[in-house]
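Report on the structure
One letter stands for each residue in the lines below.
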Amino acid sequence: MDNRTLIYYQILLHNQWKVYLAATENGLCYLGTEHSSLDELKRVCKKQYPNCELLEAVDELSLYTGQLEEYFDGSRTQFTFNFDVRGTIFQMNVWKALNSIPYGKTFCYSDIANKIGNPKAVRAVGTAIGSNPVAIAIPCHRVLGKNGSLTGFSGGLDVKEKLLTLEKIPYK
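Residues numbered from 1 in each chain as written. Predicted model: local features only at pLDDT ≥ 70, side-chain atom pairs only at ≥ 80, totals over all residues. Heavy atoms only, no water.

**Concerning the domain arrangement of the protein**
Threshold: Where each domain begins and ends is defined by an automated method or by a domain database. Here, residues are in contact when the closest pair of their heavy atoms is within 4.5 Å. A quick way to say it: buried area is the sum, across both parts, of accessible area lost when two parts are put together, with a 1.4 Å probe. Just to be clear on terms, a salt bridge is a Lys or Arg side-chain nitrogen sitting within 4 Å of an Asp or Glu carboxyl oxygen. Under this definition, polar contacts are N or O atom pairs within 3.5 Å; protein pairs additionally need one hydrogen-donor-capable and one acceptor-capable atom, and for neighbouring residues in sequence, both atoms have to be side-chain atoms.
Domain annotation for the protein reports domain 1 (5-73) and domain 2 (89-167). Measuring from the centre of the C-alpha atoms in domain 1 to the corresponding centre in domain 2 gives 20 Å. On the domain 2 side, the residues contacting the 14 residues of domain 1 number 17 residues. Counting the surface lost from both domain 1 and domain 2, the interface buries some 1,200 Å², and carbon and sulfur atoms represent 68% of this. On the domain 1 side of the contact with domain 2, Trp17, Leu31 and Tyr71 bury the most area, a combined 48% of that side's loss. Between the two partners, domain 1 and domain 2, sit one salt bridge. Two residues, glutamate 34 and lysine 162, come together in a salt bridge whose shortest N-O distance is 3.4 Å. At the junction of domain 1 with domain 2, the criterion picks out eight residue pairs in polar contact (both at pLDDT 80 or more).

**A few points about the pairing of strand β1 (residues 5-14)**
Going by this rule: For two strands to count as paired, DSSP must find a minimum of two bridges between them. Helical segments are the DSSP runs of H or I of at least four residues, strand segments are the runs of E of at least two, and each set is numbered from the N terminus.
Pairing between β1 and strand β4 (residues 52-56): five bridges, direction parallel. In the sheet register, isoleucine 7 faces β4, and the bridge partner there is leucine 54. As defined by bridge partners, β1 adjoins strand β2 (residues 17-24) across seven bridges and the pair is classed as antiparallel. In the sheet register, leucine 12 faces β2, and the bridge partner there is valine 19. Counting the residues in the hairpin turn of β1 and β2 gives two residues, including asparagine 15, whose phi is positive at 50 degrees.

**Comments concerning the packing of aromatic side chains**
As a reminder, the rule being used: Stacked, tilted and edge-to-face pairs are distinguished by plane angle, under 30 degrees for stacked and over 60 for edge-to-face with tilted covering the rest, among Phe, Tyr and Trp rings (Trp via its six-membered ring) whose centres lie within 6.5 Å. Burial classification: accessible surface area is computed with a 1.4 Å probe over protein chains only, and a residue below 20% of its type maximum counts as buried, one above 50% as exposed, and the rest as partly exposed.
In this structure the tally under the stated criterion is seven aromatic pairs. Ring geometry for phenylalanine 79 versus phenylalanine 81: centroids 5.2 Å apart, planes at 35 degrees, classification tilted. Accessibility expressed as a relative area gives 5% for phenylalanine 81, which makes it buried. Put simply, the rings of Trp17, Tyr64, Tyr71, Phe72, Phe79, Phe81, Phe83 and Tyr103 touch in pairs and so form one group of aromatic residues.

**Some points on the sheet that holds strand β3 (residues 27-32)**
Worth spelling out the cut-off: Note on method: axes are straight lines fitted to C-alpha atoms, helices fitted across the in-contact stretch only, with angles between N-to-C directions ranging 0 to 180 degrees.
If you trace the four strands from one edge of the open sheet to the other, you get β3-β2-β1-β4, paired in mixed fashion. The two strands at the open ends of the sheet, each matched to only one other strand, are β3 and β4. Here the strands of the sheet are splayed against their neighbours by 25 degrees on average, with no regard to which way each runs. Docked against the sheet, helix α2 (residues 62-72) engages β1, β2 and β3, running at close to 150 degrees with respect to β2.

**Looking at helix α1 (residues 38-48)**
One full turn of an α-helix is made of 3.6 residues, so residues set three or four places apart face in the same direction. Just so we agree on the cut-off: This arc describes the spread of directions from the helix axis toward the C-beta atoms.
When α1 is considered as a whole, its buried residues turn out to be Leu41, Val44, Cys45 and Gln48. In a view along the axis of α1, the buried residues occupy a sector of 100 degrees, so they form one face of it. α1 presents Asp39, Arg43 and Lys47 as exposed residues on the side facing more than 90 degrees away from its buried surface. As for α1, its buried residues are in contact with β1, β2, β3 and β4.

**What about the nonpolar core?**
Condition: In this text, buried Ala, Val, Leu, Ile, Met, Phe, Trp, Tyr and Cys residues form a nonpolar core when linked through side-chain atoms within 4.5 Å.
Ranked by internal contacts, the top residues of the largest apolar core, which has 37 residues, are Leu21, Leu31 and Leu98. Residue assignment for this core shows that the elements contributing at least two residues are β2, β3, α2, α3 (89-99), α4 (109-115), α5 (122-130) and α6 (157-166). Those residues within four positions of leucine 31 in sequence are excluded, and the remaining contacts are Val19, Tyr20, Leu21, Leu68, Pro133, Val134, Ala135, Ile136 and Ala137. Judged by nonpolar contacts, the second largest core, of 12 residues, contains Ile7, Cys29, Val44 and Cys52.

So, in structure tokens, the structure goes:
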């Protein structure tokens, strides 16, 4: 019996955007920004799925690339594809809360901590946000500092600024 998980991946180049993406048959499992690499994609996928086989593919990822292109073009405000991400219960709760932030809106870290019912876990929320394997799609870029300031982003602050500008979100 073969327990391997098949993961398709590719680099998407669209206008000024470059992202690395990977998906299982169940959903998107990795989305990295231009500051990522194929090595990082493979490392994260193997951490989530130790017995995975990675195959470079285009056709198998058309659902994801199509929606990402629409988002980058400003014609899509919500992703409808599935995710196949793995994390601790805490991380999964944080990522679910991130996914509830509407397009063009922001939360701060304490908003997320409150939303998951753990108001004292602000720092842990920040750590969970930083380990989001599908940045952009699960919109961690929509989390700002309490005063509206630009805060860390695992995909690079320059990419966070581009995403906030795309969504017409003001920041300090």
